[in-house]
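# Understanding the architecture of this molecule
So the chains spell out like this:
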Amino acid sequence: MENVADAFARGYYNTWNRNKLGITLNLNKPEGVALAKRLLGICDAVVENFTPRVMFNWGLDYANLKKVKPRIIMVSMSIMGQKSNYSGYGPTVHALSGMTRLTSFPNQPPLGPGFSYADHVAGLYASIRLLAALEERAKTGSGQHIDISEVDIMNCIVQDTEELKPMGNSSSLAAPHNVYRCKDNRWYAVAVFTEEEWRGLKKAMGNPSWADDGKFDSISSRLENRDELDKLITVWTQAHTAEEVMSLLQKNGVAAGVVQDAADLAKNPHLRARRFFVEDVNTPLIDASPIRMSGAQVEYRRGAPAPGQDNDYVYGKLLGISNEEIAELMGKGVI
């Protein structure tokens, strides 16, 4: 079994749990539920993403929480909303919304995006809706329950219709629009939407004669002949490194970029100049906040906590529980 300390020292865990306080609390014990309700008294909002039955079974559903604190705002994020007891996670949402089918190449099995994209999107929707609820409460004094269905959110993004089909890296608005292998066995991405960009691409490639063929002289013709166009562009890219291709295209006004992995990003001069990566206690290099504000400093204040790291602060200082009571709760397995 993996060492617990090693698991919590991973970069992924540290990235997503910075700025948080870490406590332990056993909600399967009545004393744990009572403590959760005491914590509620010092909170503006409660955010949870259990299957709907879970918070109800603990007695921590919105109907019970607002009895403790009428002004509380609760955000519930589940796969299909509070009227459904289906459980799942990101890839489940992708499949139910049709995204898994669409994230593929024509006539090939579904691939999916490769990570839990739906979790990221749902978190952003929840954050915006929570901010709106806080503003509403400031005006009216009333709390509310925000019920989020991740499938509904993804349906809005995917726009699930019968006309949509897997397109791989292609676009219905741009051609070329793909990733291409270069001579250093790396890849670069390019998107050409306008005739001006098409002229820039031709110039970067040295104005090859095939580029003036009538079947490439408009966006509609390039879309119709995109497979042949991709093959011809690949012949050119395989004579250059990915960095060379990117430089040539960008100098000529074409949107293009090297397909970068994590190691590339860590060395990226633009990100370095913006101090996007910083040293962290638990990891040698970690991304910082991408936000820069002239009137305020936006930074992560601390690394991710270990389980129970802030028990004394939260239970002792914030809730005013004595050291003796904390020790007793620990002995009972409540915290």
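The rules we used
Each chain carries its own residue numbering, running from 1 in the written order of its sequence. Residue-level local features of this predicted model are given only where pLDDT is at least 70; pairs of side-chain atoms are given and counted only at 80 or more, and the full residue set underlies all totals for whole chains, interfaces and linings. To get the side-chain values, take all heavy atoms of the structure and skip hydrogens and water. By definition, two strands form a pair when at least two bridges between them are found by DSSP. A run of H or I in DSSP counts as a helix once it spans at least four residues, and a run of E counts as a strand once it spans at least two, with each numbered from the N terminus. With axes taken as lines fitted to C-alpha atoms, and helix axes fitted only over the stretch in contact, angles between N-to-C directions fall between 0 and 180 degrees. Partly exposed residues are those whose accessible area sits between 20% and 50% of the maximum for their type, while under 20% is buried and over 50% is exposed, using a 1.4 Å probe and protein chains only. Read the arc as the range of directions from the helix axis to the C-beta atoms. We call two residues contacting when some pair of their heavy atoms lies within 4.5 Å. Salt bridges, as used here, are contacts in which a Lys or Arg side-chain nitrogen is within 4 Å of a carboxyl oxygen on Asp or Glu.

### What about the sheet that holds strand 2 (residues 73–78)?
The strands that make up a sheet pair up through hydrogen bonds in the backbone, lying either parallel or antiparallel. Pairing is parallel across the open sheet formed by 3 strands, whose spatial order is 1-2-3. Whereas interior strands pair on both sides, the edge strands pair on one side only; in this sheet they are strand 1 (45–48) and strand 3 (144–149). In this sheet, neighbouring strand axes are inclined to one another by 10 degrees on average, regardless of whether the strands run parallel or antiparallel. By the bridge criterion, 4 bridges tie strand 1 to strand 2 in an arrangement that is parallel.

### Some remarks on unusual backbone geometry
Geometrically, the link from Ala 175 to Pro 176 is a cis peptide bond, its omega value of 0 degrees lying close to zero. Looking at the element boundaries, Pro 176 is found in the loop between helix 9 (150–158) and strand 4 (177–181). The phi angle at Asn 19 is positive, at roughly 70 degrees, despite the residue not being glycine. Its relative accessible area of 26% is what places Asn 19 among the partly exposed residues.

### Focus on the pairing of strand 2
Counted residue by residue, strand 2 has 6 buried out of 6 residues, so it is predominantly covered. Side chains Ile 73, Val 75 and Met 77 project from strand 2 onto one buried face, and the interleaved Met 74, Ser 76 and Ser 78 project onto a second face that is buried too.

### Description of the environment of Leu 40
Mapping Leu 40 onto the fold places it in helix 3 (residues 30–40). Relative accessible area serves as the criterion here: at 3%, Leu 40 is assigned to the buried category. Leu 40 sits 32 residues away from Ile 72 along the chain, and the two C-alpha atoms are 8.0 Å apart.

### A closer look at helix 9
Of the positions making up helix 9, those classed as buried are Glu 150, Val 151, Ile 153, Met 154 and Val 158. Taken around the axis of helix 9, the buried residues stretch over an arc of 160 degrees, which confines them to a single face. Elements in contact with the buried residues of helix 9: strand 2, helix 6 (90–97), helix 7 (99–102), helix 8 (117–140) and strand 3.

### Some thoughts on the environment of Trp 210
Note that Trp 210 resides in the loop between helix 10 (195–204) and helix 11 (219–224). Placed 61 residues apart in sequence, Trp 210 and Ser 149 show a C-alpha to C-alpha distance of 50 Å. Filtering out sequence-adjacent residues up to four positions away, Trp 210 remains in contact with Trp 198, Met 205, Phe 216, Leu 229, Leu 232 and Ile 233.

### Quick word on the side chain of Gln 144
Examined against the element boundaries, Gln 144 turns out to sit in strand 3. A relative accessible area of 19% places Gln 144 in the buried class. For Gln 144, the contacting residues outside a window of four places in its chain are Tyr 62, Ile 72, Ile 73, Met 74, Arg 129, Ala 133 and Glu 136.

### Observations regarding the sheet that holds strand 4
Sheet architecture is open: 3 strands sit in the order 4-5-6, paired in antiparallel fashion. A single partner strand is all that each edge strand has here, and the edge strands are strand 4 and strand 6 (255–258). Each adjacent strand pair in this sheet contributes to an overall mean axis angle of 20 degrees, direction not counted. Pairing geometry for strand 4 and strand 5 (residues 187–191), over 5 bridges, is antiparallel. When the bridges of strand 5 are listed, His 177 appears paired with Ala 191. Together, strand 4 and strand 5 form the strand contacts of helix 12 (residues 226–237), whose direction differs from that of strand 4 by roughly 40 degrees.

### With respect to the pattern of salt bridges
Under the counting rule described, the total for this entry stands at 9 salt bridges. Among the ionic pairs, Arg 18 bridges to Asp 287, the shortest N-O distance being 3.4 Å. Linking Arg 18 in the loop between helix 2 (11–16) and helix 3 with Asp 287 in strand 8 (residues 286–287), this pair joins segments that are 269 residues apart in sequence. For Arg 18, a relative accessible area of 7% translates into the label buried. Residue Glu 243 pairs with Arg 186 through a salt bridge whose shortest N-O separation is 3.7 Å. Taken together, the residues span a long stretch of sequence, with Glu 243 in helix 13 (residues 242–251) and Arg 186 in the loop between strand 4 and strand 5 at a distance of 57 residues. For Glu 243, a relative accessible area of 41% corresponds to the partly exposed category. Arg 186 sits in the partly exposed class, given a relative accessible area of 23%. Among the charged side chains, a salt-bridge network with shared partners connects Arg 186, Glu 243 and Asp 264.

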